[in-house]
Amino acid sequence: MINRLSVTQKLVLSFVFVIIVGSILLSLPISHYANSPETSYLDHLFNTVSMVCVTGLSVVPVSKAYNGLGQILSMLLMQTGGLGLVSLIAFSTYTLKNKLGLSDQDLLQSALSRDNQKDLKAYLAEAKQDNKKIGFVPTMGALHNGHLSLVQHCVKNNDVCVVSVFVNPTQFNDKHDLETYPRTLEADCVLLESAGCDYVFAPSVEEMYPEPDTRTFDLGTVSEVMEGAKRPGHFNGVAQVVSKLFYIVEPDNAYFGEKDFQQIAVIRAMVKQLDIPVKINDCPILREADGLALSSRNVRLTPEQRQKAPLIARTLKESANFAPEKSVQEVIDYVINTINADPVMRVEYYEIVDGNTMESIKNWSDTTYPVGCITVYCGEVRLIDNIKY
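Rules used in this analysis
Residues numbered from 1 in each chain as written. Predicted model: local features only at pLDDT ≥ 70, side-chain atom pairs only at ≥ 80, totals over all residues. Heavy atoms only, no water. Phe/Tyr/Trp six-rings, centres within 6.5 Å; stacked < 30°, edge-to-face > 60°. Helix = DSSP H or I, 4+ residues; strand = E, 2+ residues; numbered from the N terminus. Contact = heavy atoms within 4.5 Å. Polar contact = N/O pair within 3.5 Å; in protein donor to acceptor, adjacent residues only side chain to side chain. Salt bridge = Lys/Arg side-chain N within 4 Å of Asp/Glu carboxyl O. Buried < 20%, exposed > 50% of the residue type's maximum accessible area, 1.4 Å probe, protein only. Axes fitted to C-alpha atoms, helices over the stretch in contact; angles between N-to-C directions. Parallel < 35°, antiparallel > 145°, perpendicular 65-115°, else oblique. Left-handed = near helix turned anticlockwise from the far one by under 90°. Nonpolar A, V, L, I, M, F, W, Y, C, P; charged D, E, K, R; others polar. Expected span 1.5 Å × (residues − 1). 1 Å grid on protein atoms, 1.4 Å probe; cavity = no way out; pocket = protein on both sides within 12 Å on 5 of 7 lines; lining within 4 Å. Points joined across faces, edges and corners; volume = space filled by probe spheres on them. Pairing = 2+ DSSP bridges.

Caption draft 1: Examining the packing of aromatic side chains more closely. For the structure shown, the criterion picks out seven aromatic pairs. Ring centres of Phe166 and Tyr209 lie 6.3 Å apart, and the angle between their planes is 40 degrees; on these two criteria the pair is classed as tilted. Here the residue Phe166 occupies a position in the loop between strand E3 (160-165) and helix H8 (175-180), and Tyr209 occupies one in the loop between helix H10 (205-208) and helix H11 (227-230), the gap between them amounting to 43 residues.

Caption draft 2: How the structure looks around the environment of Ser360. Mapped onto the elements, Ser360 comes out in the loop between strand E7 (345-354) and strand E8 (370-378). Here the alpha-carbon distance between Ser360 and Val225, two residues 135 residues apart in the chain, equals 8.8 Å. Discounting residues that sit within four places of it in the chain, Ser360 has contacts with Glu351, Ile352 and Val353. Here the side chain of Ser360 touches Glu351 through a polar contact of 2.7 Å, side chain to side chain.

Caption draft 3: Representation of the pattern of salt bridges. According to the stated counting rule, one finds 13 salt bridges in the structure shown. The closest approach of N and O atoms between Arg231 and Glu227, which form a salt bridge, is 3.6 Å. Since its relative accessible area comes to 10%, Arg231 is described here as buried. Asp342 is paired through a salt bridge with Lys308; the nearest N and O atoms lie 3.4 Å apart. Of this pair, Asp342 sits in the loop between helix H16 (328-340) and E7 while Lys308 sits in helix H14 (residues 303-308), and the two are 34 residues apart along the sequence. Within the structure, one salt-bridge network assembled from shared partners comprises Glu227, Arg231, Glu348 and Arg382.

Caption draft 4: The packing of helix H15 (residues 311-322) against H16, seen in detail. Relative orientation of the contacting elements H15 and H16 amounts to 155 degrees, with a least axis distance of 10 Å. Considered as vectors, H15 and H16 are oriented roughly antiparallel to each other. Seen from above, H15 lies across H16 with right-handed handedness. Each of Leu311, Ile312, Thr315, Leu316, Glu318, Ser319 and Phe322 in H15 lies in contact with H16, whose residues at this interface are Val331, Tyr334, Val335, Thr338 and Ile339. Grouping the amino acids of the contact of H15 with H16 by side-chain chemistry returns eight nonpolar, three polar and one charged.

Caption draft 5: The arrangement of the side chain of Ser319 in detail. With respect to the helices and strands, Ser319 occurs in helix H15. When neighbours within four sequence positions are excluded, Ser319 is seen to be in contact with Val331, Tyr334, Val335, Tyr350 and Tyr389.

Caption draft 6: Spotlight on helix H13 (residues 261-274). Counted at 1.5 Å a residue, the expected span for H13 with its 14 residues is 20 Å, and the 21 Å between its end C-alpha atoms agrees. Where the residues of H13 are buried, they touch H11, helix H12 (234-249), strand E5 (253-257), strand E6 (279-283), E8 and strand E9 (381-388). Asp275, located one to two residues past H13, shows a positive phi value of around 55 degrees.

Caption draft 7: Spotlight on the layout of surface pockets. Estimates place the volume of the second largest pocket at around 230 Å³. What lines the second largest pocket is a set of 14 residues, among which Asp174, Asp177, Tyr377, Glu380 and Arg382 lie closest to the centre. Those elements that place two or more of their residues in the lining of the second largest pocket are H8 and E9. Tallied by class, the residues present in the lining of the second largest pocket amount to three nonpolar, two polar and nine charged.

Caption draft 8: Spotlight on the packing of H12 against H13. With their axes 10 Å apart at the nearest point, H12 and H13 run at an angle of 55 degrees to one another. Compared by their axis directions, H12 and H13 come out oblique. Read as a crossing pair, H12 and H13 show a hand that is right-handed. Residue-level inspection shows Phe235, Val238, Ala239, Val242, Ser243, Phe246 and Tyr247 of H12 in contact with H13, the latter providing Gln262, Gln263, Val266, Ile267, Met270, Val271 and Leu274.

Caption draft 9: Region of interest: the sheet that holds E8. On the basis of which strands lie adjacent, the open sheet formed by three strands has the order E7-E8-E9 and antiparallel pairing. A strand with exactly one partner marks an edge of an open sheet, and here the two such strands are E7 and E9. Direction aside, the axes of adjacent strands within the sheet are offset by 15 degrees on average. Pairing of E8 with E9 involves eight bridges; the strand directions are antiparallel. Paired with Cys378 across the two strands is Val381, which belongs to E9. Running at roughly 160 degrees to E7, H16 makes contact with E7 and E8 of the sheet.

Caption draft 10: View of empty space enclosed by the protein. Applying the stated criterion across every chain, the model contains two cavities of 30 Å³ or more. Counting only elements with at least two residues in the lining of the largest cavity, the list comes to strand E2 (134-139), helix H7 (145-157), H12, E5, H13, E8 and E9. With six residues, H12 is the largest single contributor of residues to the lining of the largest cavity. When grouped by side-chain class, the residues that make up the lining of the largest cavity number 25 nonpolar, 16 polar and eight charged. Roughly 60 Å³ of volume is contained in the second largest cavity. Within the residue set of the lining of the second largest cavity, elements represented by two or more residues are H15 and E9. Among the elements that take part in the lining of the second largest cavity, E9 stands out by supplying three residues, more than any other. Of the residues belonging to the lining of the second largest cavity, the class tally is six nonpolar, three polar and two charged.

By themselves, these observations are geometric and do not establish any function.
Okay, structure coming up:
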């Protein structure tokens, strides 16, 4: 019978369909859409479409007259095919957005994202009552496959996976760097949902810092050298925000990428100092096919800079081939001189350190765990990388 209807007839039926559905949507109180006013737009829309099209409104405790009307609507939907469904979704979008006071960001943001501690703690309290293991991945957003690999580790080894997306202002000592840091929350939520994340905590600065955090951490050498020396206050800001997040989430496991090698050492020192019962898991660096370490900052590279940037990883890899035969200083000089030979690149520092203490070594025999840590400016974009010798 559907095939016998002309496009004009389907449009007319779709119009009738929308008028009936719209009347129902406008007449029902908000409580019929979802159990919580904080339920996402996607939940509202799914509930509404299911309520009208599939069950004939029988799941909603309203007038029995709606049941017969639901059957009529189902018949109209079948007769109009895709036009009816598109009409329903479009009109539901408009009606629910206005009735529930949803913003455009609400329409785009994934159902698993919340921005306040109260919701997150309530969610996790229920999980902990069921003795579920909580895994946590703190991020600053602008997610890429490197972040997603951390999420995959978290999902695989825990019952609940929580990811935070928060650009922490207290760890930026460069205002321009903070302002230009990419922010892509809606896209991040979509990626995280596809990766199996259960909950995204995306707080505002006011939510995380209702009062200024004046804590000062003395974490020793791990926080004072390399990044600590070049970016004063950076690691104190990292310790502030990560400790706050640990207190909120109370995870059993937390996951960090080895690209931020020194940061992991700082977080381990902070966890030990504050006696926070969480296991810190470090995960391997993910790289592009040409060797460039994945980073949220890579999107800021111009095409020319992006072509040049793999020189960092390539040089580090080459240095590892002759490291045992050359002195530590010779390897350092080789890496710095090779990268600086490209006019687009400028090495800020390159040090070979003990991978546990972050103290520089002069001889290979000074440690059983030598790691080379580098920061390079590619144009104005600051890139970091490391290699284990």
